[in-house]
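The primary structure of each chain is shown beneath.
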Amino acid sequence: MKKLINRTLLFLTISAIFSLLLGFLSVVITNKTFNFEFKKYQNILIVGNSHTECSISDKILSNSVNISQSASSYFYSYIKVREFVKRNPTIDTVIISFSDNDLFSEKEKWLSSTEKIRNKMTRMIFLFNTEDYLTLFCSNPITTSLQSFIVYSDFYNLYIHRRSFIGGYNQFNKNKIKESILEFNQDTPKIDYKIAHTELKYLLKIYELCEKEGVHLILLNSPVHPVLQSHFSLIKDRNYKIASEKMTNATFLDHSSYKLDNSMFADLSHLNGTGSISYSLFLKSVFSK
Amino acid sequence: MLFNTLEYFLFLPITFLLYWSIKNTTTQNILVLASSYVFYGWWDWRFLFLIFISTVVDYFVAIKIEKTDYKERKRVYLLLSIIFNLTILIFFKYYNFFIESWVELLSSIGYHVKDVWTLKIILPVGISFYTFQTMSYSLDVYRNDIKATRDFISFASFVSFFPQLVAGPIERASNLLPQMLKERKFDYKQTVDGLRLILWGLFKKVVIADSLSLLVNPIFDNYEILNGGELFLGLIYFSFQIYCDFSGYSDIAIGTAKMFGVELRSNFIFPYFSRDISEFWRRWHVSLSSWFRDYIYIPLGGSKNGKWVSIRNIFIIFIISGFWHGANFTFIAWGSIHSVLYLALVLSNKNRRYLTSIVSKNRAVPTFIELYQISITFFMVTISWVFFRSGSILDSFLYLKKMLLNFDIPISYRSGIFYVILIIISDWLNRKDERKPLNISSTNIRWIIYVLMFILIISHGGQKNEFIYFQF
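We now turn to the structure provided with this report.

Focus: the overall build of chain B
Looking only at helices and strands, chain B has 17 helices and zero strands in total. For 472 residues, the compact-globule formula gives about 23 Å, and the C-alpha radius of gyration of chain B, at 23 Å, lands near that figure. Expressed along its principal axes, the backbone C-alpha trace of chain B runs to roughly 70 × 65 × 45 Å. Within the span of chain B, comprising 472 residues, buried residues form 42% of the whole. By sequence separation, contacts in chain B at least 24 residues apart represent 75% of the contacts at least 6 residues apart.

Some details on the interface of chain A and chain B
Contact residues are listed per partner, giving 14 residues for chain A and 11 residues for chain B. The greatest single-element share of the side of chain A that touches chain B, amounting to eight residues, is contributed by helix H1 (residues 2-33) of chain A. Looking at the side of chain A that touches chain B residue by residue, the class counts come to nine nonpolar, three polar and two charged.

Quick look at the environment of A:Thr274
Residues and elements named next belong to chain A. Along the chain, Thr 274 turns up in helix H13 (residues 273-288). Remark: the alpha-carbon pair of Thr 274 and Phe 184, spanning 90 residues in sequence, is separated by 23 Å. Leaving out residues up to four positions away in the same chain, Thr 274 has contacts with Ser 263 and Met 264.

Remarks on the pairing of strand S3 (residues 93-97) of chain A
All names here are of chain A. Counting buried positions along S3 gives four out of five residues, so the element sits mostly inside the fold. One ladder, built from four bridges, connects strand S1 (residues 44-47) with S3; its direction is parallel. By the bridge assignment for S3, Ile 44 is matched with Thr 93. Bridging between S3 and strand S4 (residues 216-221) involves five bridges; their strand directions are parallel. Bridging from a neighbouring strand, Ile 96 pairs with Leu 219 of S4.

Remarks on helix H5 (residues 127-142) of chain B
Residues and elements named next belong to chain B. Between the first and last C-alpha of H5 there are 23 Å, a value that for 16 residues agrees with the 22 Å anticipated at 1.5 Å per step. By the criterion of burial, H5 is predominantly enclosed, with 16 of the 16 residues buried. Phi turns positive one or two residues past the end of H5, at Asn 144, with a value near 60°.

Brief notes about the nonpolar core
Grouped together as the largest cluster of nonpolar side chains are 167 residues, with contacts concentrated most on A:Leu45, A:Val94, A:Ile96, A:Ile206 and A:Leu217. When residues of this core are assigned to domains, at least three map to each of domain 1 (14-184) and domain 2 (189-275 + 354-471) of chain B. When near neighbours in sequence (up to four residues on either side) are disregarded, A:Ile96 contacts A:Val47, A:Gly48, A:Ser77, A:Ile206, A:Leu217, A:Leu219 and A:Leu220.

Regarding the sheet that holds S3(A)
All names here are of chain A. Strand order across the open sheet formed by five strands is S2-S1-S3-S4-S5, with parallel pairing between neighbours. Because the sheet does not close on itself, it has two edges, and the strands there are strand S2 (64-66) and strand S5 (251-254). Across the sheet, the mean angle from the axis of one strand to that of its neighbour is 20°, orientation sign disregarded.

Rules used throughout
- Residues numbered from 1 in each chain as written.
- Chains lettered and ligands numbered in written order.
- Predicted model: local features only at pLDDT ≥ 70, side-chain atom pairs only at ≥ 80, totals over all residues.
- Helix = DSSP H or I, 4+ residues; strand = E, 2+ residues; numbered from the N terminus.
- Rg over C-alpha atoms; globule rule 2.2 N^0.38 Å.
- Buried ≥ 20, exposed ≤ 12 C-beta atoms within 10 Å, placed from the backbone.
- Contact = placed C-beta atoms within 7 Å.
- Nonpolar A, V, L, I, M, F, W, Y, C, P; charged D, E, K, R; others polar.
- Pairing = 2+ DSSP bridges.
- Expected span 1.5 Å × (residues − 1).
- Core = buried A, V, L, I, M, F, W, Y, C linked by C-beta atoms within 7 Å.
- Domains from an automatic or database assignment.
- Axes fitted to C-alpha atoms, helices over the stretch in contact; angles between N-to-C directions.

Structure follows, in structure tokens:
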């Protein structure tokens, strides 16, 4: 039995060392080969979660690059802004999703839940610095530690898919608005008045970073279905207050009531392909003014 | 609890160390029983009572069968066990299917039923496996093949032995129960063999089957818009997905049992190297096909009462086998196709050509004839998988029609070919002994392969996909 235990421990140690080395190597290679650079005419960086991911086509708003990704905590958006702004002096504007429910306390899980760390950490770790790693580690030590041994696991995807693997415009082709309304009526989501403090902290860090780099920050409340819009109207003032008090130089664009046909929604809070085209054209006209 | 989860990664070594720290066989069996109930209850503790009742019924029925001298009474007790086990199986697995089919039949003749008495029934994991296992015990006692045990703890450990509880191999009391009753000693070599099987099984499940499932699911979901070549790839991928998924589970089960000093039956013996359909059924899900052979086919007369009886019996076991897999007409169609393919061999007296031989035993590569036979068998088996995988019989035919009439070079979904080639090569190299994978003489190379496989398993392990056979 002693021999078995010794051999097993030896095997696990060798595997762990090898995994860490492989992870380190994949981080270095990804960092060296990743295409951070924007084209000269691309001056807008779009980050955030599924709201910006599904609503703004960077093909239509052609001077922008959308690297939003669904269920992204502001923590990951902060890292993206930091790394991309540092490498692209042409960026003068950052658009970030700031929907009515983005600061609900349940969004704390977007940083610390096992599921989210599993999904995000290996694809974003090549952008991490020590402080980022420690932040994630403190939020969920077990998952972060375990995930550290498989850092290499998304290396192949990062190598193949490049930038789109960490975010990009997502054109939804579905339209499940009827089912979503039905679901909403059966199980109406509660309005959460508690604030997700870590999310707010990183949103403010994004603001501070933009201020420091001379980049204009736009907080975007993208279009949602009227059913959801009226439901969230109670919380809207709070978000506006946060924006106006703590991010004085940022612009708060509230397009949540932008009128779109039912057929242009994927569900209550996301636009589908047709909706995003219509909205991106509108946004383009806003920016051209 | 799934084999491919962190919970199991912690559960197994804890149970293993506790088990071997105990010297007494009865206490070891109590630990096996308790850990098996924890293992099952991790999924849903409410269904533990089903296993417990099934255990209690068959324990007492077997004793009654043995005690009584009257054949009629023995038969009554046996019927009690069969009726009880089949009732719970039919209720949980087939109740809704029967009701819905009845309603459809009525509506097809113009009588529409307004209130449908379907229930929201959860299918208890592994019910088809453990009910068959307990039933076989009573049948064996009835046939005087084994003696009824008076040791309830050992019997309950046999029924609920966690490595094979939820997806087999379906054990026979004659093999597993004596191992539960005797003293077991820690054997380093047996444990290492077990760990090697676990590693290989996890690799097949997590790396190959789960990667292929990422290609199979979109292909079957969108078959209307894909070309025939892509659909053909989807079918090949599914053949290997289901094989790696289920044989991977069996390898982990057999490997885990070895760690506890228990030898389980083999369940998969390289079925895709079969040279005809009858050989395929001697190599695919062996514990189930031999169960049907021993407890249905032979009692019905087997092949000894003339050709027509034999044909009828073959047809019956394949239909039951299909139906065992799920409450859907697609599984019956799958079983029927195999019965027709098997019958063709029976009628030409060619069904017993390859009983034990290993293909190309003393050669590195197969002969042209062997390659042809293997390819034809694989092709037939693969075509039948369409019915197994599709949601309805209509979908199956439409899939096949699109595949054959719209054949073109696949332009997407080609990445799975790598996994298919990988498993074919590794199985070919291993084909002489299914219980000794990764049998490489050089220690250094072996360890490098172990570490690489382990790293790949861990990196692919995030999805935690269920094993396909859990649904059966």
